[in-house]
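# Secondary and tertiary structure notes
Single-letter residue listing:
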Amino acid sequence: MQGLHIVGVSHAYGSTPVLDNISLTVPAGELVCLLGPSGCGKTTLLRIAAGLERLQAGSVTIDETVVADPKSQLPPEDRRIGYMFQDFALFPHLSVLDNVTFGLFRRNKAAARERAMEMLGQVGMVRHADKHPHMLSGGQQQRVALARALAPEPRVVLLDEPFSGLDTDMRARIREETLSVLKQTNVATLMVTHDPEEAMFMADRIKVMGENGRVLQSGRPADIYYKPANEYVARLFGPMNMIDGIVDQGELKSSFGVMAAKDAADGDAVRVLIRPEGLILSNGDGRDGGTPVDILSAHLLGDSSMVRFQVREGVNRGEEFQVRIPSAFDLTEKGQIWARVDPRHVFQYPQE
Ligand SMILES: Nc1ncnc2c1ncn2[C@@H]1O[C@H](COP(=O)(O)OP(=O)(O)OP(=O)(O)O)[C@@H](O)[C@H]1O
Ligand SMILES: [Mg+2]
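Now for a look at the structure at hand. (Residues numbered from 1 in each chain as written. Chains lettered and ligands numbered in written order. Predicted model: local features only at pLDDT ≥ 70, side-chain atom pairs only at ≥ 80, totals over all residues. Heavy atoms only, no water.)

### Quick word on the side chain of His11
Tracing the chain through its elements places His11 in strand E1 (residues 3-13). For His11, a relative accessible area of 3% gives the class buried. Residues within four places of His11 in sequence aside, it is in contact with Thr16, Pro17, Val18, Leu19, Thr44, Ile48, Glu53, Arg54 and Gln56. (Helix = DSSP H or I, 4+ residues; strand = E, 2+ residues; numbered from the N terminus. Buried < 20%, exposed > 50% of the residue type's maximum accessible area, 1.4 Å probe, protein only. Contact = heavy atoms within 4.5 Å.)

Structure representation (structure tokens):
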């Protein structure tokens, strides 16, 4: 298959292991995100793929060519890889045009210039071609860096936190533009981020890495969000409501009624996690299976509100939860409030 194939890559710096048997495939035209905490080895993996770090175990294949295995390794410039690293440093002494032309040393001058201008056109930077990097905003520099990475028509693009230097507004805009440029060029893109929302937005598939340099889960964004394989993956997307309990006759008693315990035996200690968007508030007679609650606080976040509430009655009286609702929450209008769960946002794991 056309694309990037990493098979069984393990890596250690001295005696410290960093990557443990990582395998992944990025088909041409797709974008795979590596999502993981600081220090888990994301940059190391990209550097190995690019040939900037010597591969120790496993192999890297691009299209049908093995570019690195323990016996032989192609130098970076022969791998047809474009990369953009955390700081996307442009050459400060070169103009925008010369920065983009830099990687085109295999073409004659006129052809290189033509290709560079074409790429600057794709990222909307033609009119800045003669400027130097210090005369550009962060977002503009980022676009030039992308043009530079794509100009030599790489088969694989590696992006290491490419948007980390940009503010929220610019970040959203530039990542959308970047995605559309990448999709037009049919390259295989492997991108690193530690922002789960960014991974959800950009990726065809996500690989979640843990602190131990292993892959915890791979899947499409919807799988990672709706079917997180373990508590760590579930918690990536922000704060969670938590109910700990012991399974009794295949069930778990909770503030929101009896829940079926999946894949657990009687007496097992399980933990149920509920996303803040997985609780539903209503005011009415509660006949749809709700639990009566008292509101403790409500904070408008912009497009949604975070509301804390407390269970009003029963053995779990006083238990607190938080719920995200997609609008402003007006305390004065409501009367008795009821809470129930949306099963799509409820996850159950063994207690560690
Ligand atoms: N050249 C090196 N020599 C020794 N140790 C290194 C070297 N490069 C990285 N490390 C260590 O290897 C581990 C993984 O580093 P790496 O840069 O791959 O992490 P990362 O996942 O990219 O983190 P971040 O999200 O902070 O960028 C870290 O503990 C780091 O300190
Ligand atoms: Mg890194």
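Let us keep going from here.
### With respect to a negative patch on the surface
Together, Asp248, Glu251, Asp266 and Asp268 line one region of the surface with negative charge. Inspection of the secondary structure puts Asp248 in the loop between strand E11 (241-246) and strand E12 (251-254). Looking at Asp248, the relative accessible area reads 41%, which means it is partly exposed. (Patch = residues over 30% accessible without salt bridge, like charges linked within 9 Å, V, L, I, M, F, W, Y side chains within 5 Å. Areas by Shrake-Rupley, 256 points an atom, 1.4 Å probe, with all protein chains shown as cover. Salt bridge = Lys/Arg side-chain N within 4 Å of Asp/Glu carboxyl O. Lys, Arg positive; Asp, Glu negative; His and termini not counted. Charge placed at Lys NZ, Arg CZ, Asp CG, Glu CD.)

### Things to note about the sheet that holds strand E20 (residues 346-350)
Pairing is antiparallel in the open sheet, where three strands are placed in the order E11-E14-E20. For this open sheet the edge positions go to E11 and E20, each flanked by a neighbour on one side alone. Shown here is a sheet whose adjacent strand axes are inclined to one another by a mean of 25°, direction ignored. For E11 and strand E14 (residues 269-274), the ladder comprises six bridges, and the chain directions are antiparallel. Residue pairing for E14: Gly245 is matched across the bridge by Val270. (Pairing = 2+ DSSP bridges. Axes fitted to C-alpha atoms, helices over the stretch in contact; angles between N-to-C directions.)

### Notes on the site of ligand 1
Close contacts around ligand 1 come from 13 residues, with Ser38, Gly39, Lys42, Thr43 and Thr44 the closest. Lys42 is positioned with one of its side-chain polar atoms (N or O) 2.7 Å from an oxygen atom of ligand 1. Thr43 is positioned such that a nitrogen or oxygen atom in its side chain is 2.7 Å from an oxygen atom of ligand 1. The protein chains hide 57% of the 640 Å² of surface that ligand 1 would expose on its own. (Near = heavy atom within 4 Å. Polar contact = N/O pair within 3.5 Å; in protein donor to acceptor, adjacent residues only side chain to side chain.)

### Topic: the packing of helix H4 (residues 138-150) against helix H5 (residues 168-185)
Packing of H4 against H5 brings their axes to within 11 Å, and their N-to-C directions diverge by 15°. The angle between H4 and H5 falls in the class roughly parallel. In this structure, the crossing between H4 and H5 has a hand that is right-handed. Packed against H4, whose contacting residues are Gly139, Gln142, Arg143, Leu146 and Leu150, the element H5 presents Met170, Arg173, Ile174, Glu177, Thr178, Val181, Leu182 and Thr185 at the interface. The class makeup of the residues in the contact of H4 with H5 is six nonpolar, four polar and three charged. (Parallel < 35°, antiparallel > 145°, perpendicular 65-115°, else oblique. Left-handed = near helix turned anticlockwise from the far one by under 90°. Nonpolar A, V, L, I, M, F, W, Y, C, P; charged D, E, K, R; others polar.)

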